[in-house]
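Here are the chains, one letter per residue:
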Amino acid sequence: ISLGVVHSHALSSSSPSSESLKKTFIDKCEAFIQNNKSSSANNCQKIWSAFQQAFVGRDPCNVPMEAYDPLIHTVIQDPVCNRMLFWSKTKKIVHDFTEKRDCFLTLEDTLVGFIMNGLTWCGKEESNETFTTGCPGWTDCVNNTVRSFWNRASAAFADAACGDVTAMLNGSIATPFSPTSIFATIEVKRFKAAKVKSLSVVLVTKENKGTTCDDPSLQDLQKEIEPKLKYNCKAVPESKIQDCISHPDTACGACW
Ligand code: N1C
């Protein structure tokens, strides 16, 4: 069966700050399309234009997520039901996992997520330039160029969710369902019972220590989703996921 999307993590994801953002963007865009034939209807130059208009000439602390609407509307992306993987505070293990197998797809396996993953960018008032250094950090201001992009791209990814969705959360931290995360503030709110059948939480723990599925923050998560949407949670030791990463032939269903 064709998934329609091929993992492209192996491709270059370097972000030389001296090189122009445009070149990095177009190169990654074209590399993704090469590896994912289902996205061949996309035009990287057009996507770049839609992208840069979101922030060029603007105060980098005053870019609302809506600024990226034209970008999101320009990209042609097939939804992939039952295989969408959301995450919060588990970026490394999630991508080590998805890199090895095709059963789950994260936002970084879609065209815009792949292009922007690991990059920093911003504009400046009264300037036509794009910058890759000296940009505000994630928490320096709410509406910063980069954060608003991830908010908007995450919203689109969650809007496309269908069937059974999975979320990998971090059981080694005090609040696995962090109320300030993109997962909590954007994604969960957009799961619609008309399209999404169930939400399965995989709580990644350090050897049965730390938080359990009874954690109050996970109770909050359960309360937040629409009642018609089925919810389940399973605590899975990190070592079990690591085993699955080192043995890519293990069936995905056997990983947790
Ligand atoms: O705030 P988070 O986690 O809950 O965001 C994760 C959530 C995922 O489900 C993704 O769909 O939101 C999406 N997402 C990304 O795909 C992504 N790629 C890289 C959100 N943030 C993303 N980043 C970077 O990770 C981003 O630049 C910021 O620094 C972190 C946020 O991750 P988090 O707090 O662990």
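In what follows, the structure referred to is the one given above.
Summary of the structure given here. Within each chain, residue numbers correspond to sequence positions counted from 1 in written order. Local features in this predicted model are restricted to residues of pLDDT 70 or higher, and side-chain atom pairs are both shown and tallied only at a pLDDT of 80 or more, whereas totals for entire chains, interfaces and linings draw on every residue. Side-chain metrics rest on all non-hydrogen atoms present in the structure, leaving aside hydrogens and water.

### Structural notes on the pattern of salt bridges
Opposite charge on two side chains permits them to pair, given that their charged atoms come into close proximity. Condition: Any Lys or Arg side-chain nitrogen located within 4 Å of an Asp or Glu carboxyl oxygen qualifies as a salt bridge. Only runs of H or I of at least four residues qualify as helices and only runs of E of at least two qualify as strands under DSSP, and these elements are numbered from the N terminus. When a residue's accessible area, from a 1.4 Å probe over protein chains only, is under 20% of the maximum for its type it is buried; when over 50% it is exposed; and in between it is partly exposed.
Here the structure, examined in full by the defined rule, presents eight salt bridges. A salt bridge links Arg190 to Asp159; the shortest N-O distance between them is 2.9 Å. With Arg190 in the loop between α7 (182-187) and β3 (196-205) and Asp159 in helix α6 (residues 145-159), this pair connects stretches of sequence that are 31 residues apart. By relative accessible area, Asp159 is classed as partly exposed at 37%.

### So, the state of the cysteines
To keep it simple, the criterion reads: Disulfides are defined in this document as cysteine sulfur pairs within 2.5 Å.
The tally for this structure, following the rule as stated, stands at seven disulfides. The partner cysteine of Cys61 in its disulfide is Cys141, sulfur to sulfur 2.0 Å. Disulfide Cys61 to Cys141: torsion about the S-S bond roughly -80 degrees, handedness left-handed. One end of the pair, Cys61, is in the loop between α2 (44-52) and α3 (69-74); the other, Cys141, is in the loop between α5 (111-116) and α6, with 80 residues separating them in the sequence. With relative accessibility at 31%, the residue Cys61 sits in the partly exposed group. Two residues share a disulfide in this structure: Cys244 and Cys255, whose sulfurs sit 2.1 Å from each other. Note on the Cys244 and Cys255 pair: the S-S dihedral is about -105 degrees, so by sign convention the disulfide is left-handed.

### Quick look at the site of the ligand
The condition is simple: A single heavy atom is enough: if one lies within 4 Å of a molecule or strand, its residue is considered near that molecule or strand. Nitrogen and oxygen atoms within 3.5 Å of one another constitute a polar contact, given that in protein one can donate a hydrogen and the other can accept it, and given that sequence-neighbouring residues count only through two side-chain atoms. Using a 1.4 Å probe, accessible areas were evaluated by the Shrake-Rupley method; residue-level cover was limited to the displayed protein chains. Following the grouping adopted for this structure description, the nonpolar residues are Ala, Val, Leu, Ile, Met, Phe, Trp, Tyr, Cys and Pro, the charged ones are Asp, Glu, Lys and Arg, and the polar ones are all others, Gly among them.
Taken together, the neighbourhood of the ligand is formed by 15 residues, with Ser88, Lys89, Glu108, Ile182 and Glu187 sitting nearest. Note that an oxygen atom of the ligand is positioned 3.1 Å from one of the backbone N or O atoms of Phe183. Within the complex, 86% of the 610 Å² of free accessible area of the ligand lies under protein. Put simply, the parts of the chain that give the shell around the ligand at least two residues each are β1 (85-88), α6 and α7. For the shell around the ligand, the per-class residue count stands at seven nonpolar, four polar and four charged.

### Section: the sheet that holds β3
This is how the line gets drawn: When DSSP finds two or more bridges between a pair of strands, those strands are recorded as paired. Axis lines are fitted through C-alpha atoms, for helices just across the contact stretch, and the angle between N-to-C directions can take any value from 0 to 180 degrees.
Read from one edge of the open sheet, four strands run β1-β2-β3-β4, paired in parallel fashion. Each of the sheet's edge strands pairs with one partner strand only, and the pair in question is β1 and β4 (230-237). Averaged over neighbouring strand pairs, the angle between their axes works out to 20 degrees when direction is ignored. For β1 and strand β2 (residues 163-170), the ladder comprises four bridges, and the chain directions are parallel.

### What to know about the environment of Thr250
Basically, it comes down to this: The contact rule is simple, with two residues in contact once any of their heavy atoms fall within 4.5 Å.
Turning to its location among the elements, Thr250 is positioned in the segment after α9 (238-246). Relative accessible area serves as the criterion here: at 29%, Thr250 is assigned to the partly exposed category. For the pair Thr250 and Arg101, spaced 149 residues apart in sequence, the C-alpha to C-alpha distance is 9.6 Å. If near-sequence neighbours (up to four positions away) are discounted, Thr250 is found in contact with Arg101 and Cys244. Engagement of the side chain of Thr250 in a polar contact is seen with the backbone oxygen of His247, the distance being 2.7 Å.

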